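Residue-level listing of the chains:
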Amino acid sequence: MEFDPRSIDRLPFHDPDEAARAPAGATPSSRDARLRHLQRVPLFSGFTEGELRRVAELSRIVEAPAGTLVTQIGEPGDSFFVIIDGTVAVRTPVGAGSELRPGDFFGEMSLLDGEPRSATIAAVTDLRLLIVDRSHFWRLLDEAPDLIKRILTILSRRVRHLEQTINAMLHGANPT
Ligand code: CMP
């Protein structure tokens, strides 16, 4: 079963700026903390404060401990993830992919094509993740079309990298 972000309560991250956060997560200090997290994410670079506030409205931030399986290959998937803090390992049907780090995203494929998760993603370290649910994903892309360009660019890089890896596997160390 896929990691259910709604089941994650606060885990042992120490962020003094968030100490005043209320359970509902709606205090001004928590909103400011969320905004500061978003300001660190390159996917949103150049966004105005208003745009970032809209991203914050359509998403939530959760924390998960090292070892958490965030997505599992073959399972249905309903969320898009952006790493704010931490590192995850990627296992695809053709082997391990590159680790993903702060600023990287994953989980877009199942939202785009409705197919099951293409890879298992496991937390190598404790994580802080921005999560956008399926119901908000398309709205976010509609409202921030620049995100589409950025996501497509990364997807293209991942396909290229995968093709090079497969080519190297088929043809040895000197792919042609
Ligand atoms: P999705 O299939 O929804 O869930 C698993 C995610 O892993 C997938 O979306 C991509 O975001 C990510 N992923 C799949 N293959 C790779 C890869 N080769 N390199 C990096 N990330 C990947």
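Residues numbered from 1 in each chain as written. Predicted model: local features only at pLDDT ≥ 70, side-chain atom pairs only at ≥ 80, totals over all residues. Heavy atoms only, no water.

Here's the deal with the sheet that holds strand β5 (residues 95-96)
What the 4 strands build is an open sheet, ordered β2-β7-β4-β5; its pairing is antiparallel. On the outer flanks of this sheet lie β2 (69-71) and β5, each paired with one strand and no other. Bridge analysis of strand β4 (residues 88-92) against β5 gives 2 bridges, and the strand direction is antiparallel. Note that in β5 the partner of Arg91 across the bridge is Ala96. (Pairing = 2+ DSSP bridges. Helix = DSSP H or I, 4+ residues; strand = E, 2+ residues; numbered from the N terminus.)

Description of helix α4 (residues 134-143)
Residues three or four positions apart in an α-helix share a direction because the helix packs 3.6 residues into each turn. Of all the positions in α4, only Phe137, Leu140 and Leu141 are classed as buried. Buried residues of α4, seen end-on, are gathered within an arc of 95 degrees and therefore sit on one face of the element. α4 presents Ser135 and Asp142 as exposed residues on the side facing more than 90 degrees away from its buried surface. Here the buried face of α4 lies against α2 (49-57), β3 (79-85), α3 (108-113), β8 (127-133) and α5 (145-171). (Buried < 20%, exposed > 50% of the residue type's maximum accessible area, 1.4 Å probe, protein only. Arc of directions from axis to C-beta. Contact = heavy atoms within 4.5 Å.)

Some remarks on the confidence of the model for the protein
Put simply, the protein has an average pLDDT of 85, and 81% of its residues get 70 or more. Predicted confidence is poor over residues 6-26, with pLDDT under 50, and the contacts of this stretch with residues over four places away or in other chains come to 33 contacts. (pLDDT = per-residue confidence, 0-100.)

A look at the layout of surface pockets
Of the pockets and cavities examined, the largest pocket occupies roughly 760 Å³. Where the lining of the largest pocket is concerned, the elements lending two or more residues are β4, β5, α3 and α5. Per-element tally for the lining of the largest pocket: the top contributor is α5, with 8 residues. Grouping the constituent residues of the lining of the largest pocket by class yields 13 nonpolar, 10 polar and 5 charged. (1 Å grid on protein atoms, 1.4 Å probe; cavity = no way out; pocket = protein on both sides within 12 Å on 5 of 7 lines; lining within 4 Å. Points joined across faces, edges and corners; volume = space filled by probe spheres on them. Nonpolar A, V, L, I, M, F, W, Y, C, P; charged D, E, K, R; others polar.)

Re the side chain of Thr71
Note that Thr71 resides in strand β2. Looking at Thr71, the relative accessible area reads 2%, which means it is buried. Polar side-chain contacts of Thr71 include one of 2.9 Å to the backbone oxygen of Ala119. (Polar contact = N/O pair within 3.5 Å; in protein donor to acceptor, adjacent residues only side chain to side chain.)

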